[in-house]
Amino acid sequence: MSQANPFKNKFSEKHLKIISSVESAAKISGMSIYLVGGTVRDILSNRSPLDLDFVIEGSFDSQYIANLIGGIVLQESRFGTFKIDVEREIVDFAFSREESYLNPGELPIVKKGTFRQDLHRRDFTMNSIAIAIGENGEFSQLIDPFDGENDIRK
């Protein structure tokens with residue numbers, strides 16, 4: 001049993017079904033998929049997540065992913081994020097990305113990056129934690145490069 005599998009019981013059946021569908025879509029498309037941000041923070045705080053936030057490392061089209069998971073693309077942004085409605089559940093997705101700022105207070109310049117670069121650009125250590133999604137929607141690895149789990153405990 002991997003380190004993150006005990007977190008599986010925090011998800012609703014609907015969320016588990018969506019996670020499995022997203023993992024299957026990622027596998028078909030040759031992408032890596034991770035749960036991130038508030039979803040992971042809630043799990044580590046011993047709460048059931050209210051929503052699902054994914055980061056996907058790889059190249060793909062949001063409509064293609066929506067088709068694979070049986071959803072409808074609701075919104076896309078120029079920052080590499082999009083929302084898909086899956087059976088009346090709004091699921092957030094982002095391409096792994098990196099950001100740079102020409103001047104403080106300006107909107108970022110966003111380009112595709114690695115998963116590690118995506119974690120590094122996040123605002124707080126507790127939002128820089130991820131759970132890798134493996135075969136059949138199984139949670140394969142907790143990734144916490146900035147010790148955010150310790151910050152949540154504090």
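Below: a short report on this structure. Since this is a predicted model, take the numbers as computed values, not measurements.

**Some words on the pairing of strand S4 (residues 81–86)**
Walk down a regular strand and you will see the side chains alternate between the two sheet faces.
For step 1, the next point in the chain: Every second residue of S4 is oriented toward a common face, the buried set being Phe82, Ile84 and Val86 and the non-buried set Thr81, Lys83 and Asp85.
For step 2, the next point in the chain: Pairing of strand S3 (residues 72–76) with S4 involves four bridges; the strand directions are antiparallel. Note on S4: the bridge partner recorded for Glu76 is Phe82.
For step 3, the next point in the chain: The antiparallel hairpin formed by S3 and S4 contains four residues in its connecting segment, where Gly80 sits at a positive phi of about 80°.

**Some words on helix H1 (residues 13–29)**
Since there are 3.6 residues in each turn of an α-helix, residues three or four apart along the chain are aligned in direction.
For step 1, the next point in the chain: The end-to-end C-alpha distance of H1 is 24 Å, a good match for the 24 Å that 17 residues give at a rise of 1.5 Å each.
For step 2, the next point in the chain: Turning to H1, its buried residues are His15, Leu16, Ile18, Ile19, Val22, Glu23, Ala25 and Ala26.
For step 3, the next point in the chain: A positive phi of about 75° marks Gly30, the residue just after H1.

**Topic: the sheet that holds S4**
Pairing between the strands of a sheet is mediated by backbone hydrogen bonds and can be parallel or antiparallel.
For step 1, the next point in the chain: Taking strand neighbours across the sheet as the criterion, the seven strands line up as S3-S4-S5-S2-S1-S8-S9 in an open arrangement whose pairing is mixed. Looking along the sheet, the strands with just one partner apiece sit at the ends: S3 and strand S9 (139–143). Averaged over all pairs of adjacent strands, the angle between strand axes in this sheet comes to 30°, irrespective of strand direction.
For step 2, the next point in the chain: Relative to strand S5 (residues 89–95), S4 is paired through six bridges, and the arrangement is antiparallel. Residue Thr81 lies in a different strand from S5, and its bridge partner there is Ala94.
For step 3, the next point in the chain: Running over the sheet, helix H3 (residues 62–69) touches S3, S4 and S5 and is turned about 20° from S4.

**Focus on a nonpolar patch on the surface**
For step 1, the next point in the chain: On the surface, a nonpolar cluster with roughly 280 Å² of combined accessible area is contributed by Ile28, Tyr64 and Leu68.
For step 2, the next point in the chain: As for its placement among the helices and strands, Ile28 is situated in helix H1.
For step 3, the next point in the chain: By relative accessible area, which is 59% here, Ile28 ends up exposed.

**Considerations on the packing of H1 against H3**
For step 1, the next point in the chain: Where H1 meets H3, the axes come as close as 9 Å, and the angle between the chain directions of the two elements is 125°. Classed by the angle they form, the pair H1 and H3 counts as oblique. Considering only the axes of H1 and H3, their crossing is right-handed. Together, Ser21, Val22, Ala25, Ile28 and Ser29 of H1 and Tyr64, Ile65, Leu68 and Ile69 of H3 make up the contact between the two elements.
For step 2, the next point in the chain: Class assignment for the residues of the contact of H1 with H3 results in seven nonpolar, two polar and no charged.

**Considering the layout of surface pockets**
For step 1, the next point in the chain: Within this model, the largest pocket holds a volume of roughly 240 Å³.
For step 2, the next point in the chain: Along its surface, the largest pocket is lined by 14 residues, and Asp53, Thr81, Asp92, Phe93 and Ala94 are the ones closest to its centre.
For step 3, the next point in the chain: Elements with a contribution of two residues or more to the lining of the largest pocket: strand S2 (52–57), S4 and S5.
For step 4, the next point in the chain: The class makeup of the residues in the lining of the largest pocket is six nonpolar, two polar and six charged.

Rules behind the numbers
- Residues numbered from 1 in each chain as written.
- Predicted model: local features only at pLDDT ≥ 70, side-chain atom pairs only at ≥ 80, totals over all residues.
- Heavy atoms only, no water.
- Buried < 20%, exposed > 50% of the residue type's maximum accessible area, 1.4 Å probe, protein only.
- Helix = DSSP H or I, 4+ residues; strand = E, 2+ residues; numbered from the N terminus.
- Pairing = 2+ DSSP bridges.
- Expected span 1.5 Å × (residues − 1).
- Axes fitted to C-alpha atoms, helices over the stretch in contact; angles between N-to-C directions.
- Contact = heavy atoms within 4.5 Å.
- Patch = residues over 30% accessible without salt bridge, like charges linked within 9 Å, V, L, I, M, F, W, Y side chains within 5 Å.
- Areas by Shrake-Rupley, 256 points an atom, 1.4 Å probe, with all protein chains shown as cover.
- Salt bridge = Lys/Arg side-chain N within 4 Å of Asp/Glu carboxyl O.
- Parallel < 35°, antiparallel > 145°, perpendicular 65-115°, else oblique.
- Left-handed = near helix turned anticlockwise from the far one by under 90°.
- Nonpolar A, V, L, I, M, F, W, Y, C, P; charged D, E, K, R; others polar.
- 1 Å grid on protein atoms, 1.4 Å probe; cavity = no way out; pocket = protein on both sides within 12 Å on 5 of 7 lines; lining within 4 Å.
- Points joined across faces, edges and corners; volume = space filled by probe spheres on them.

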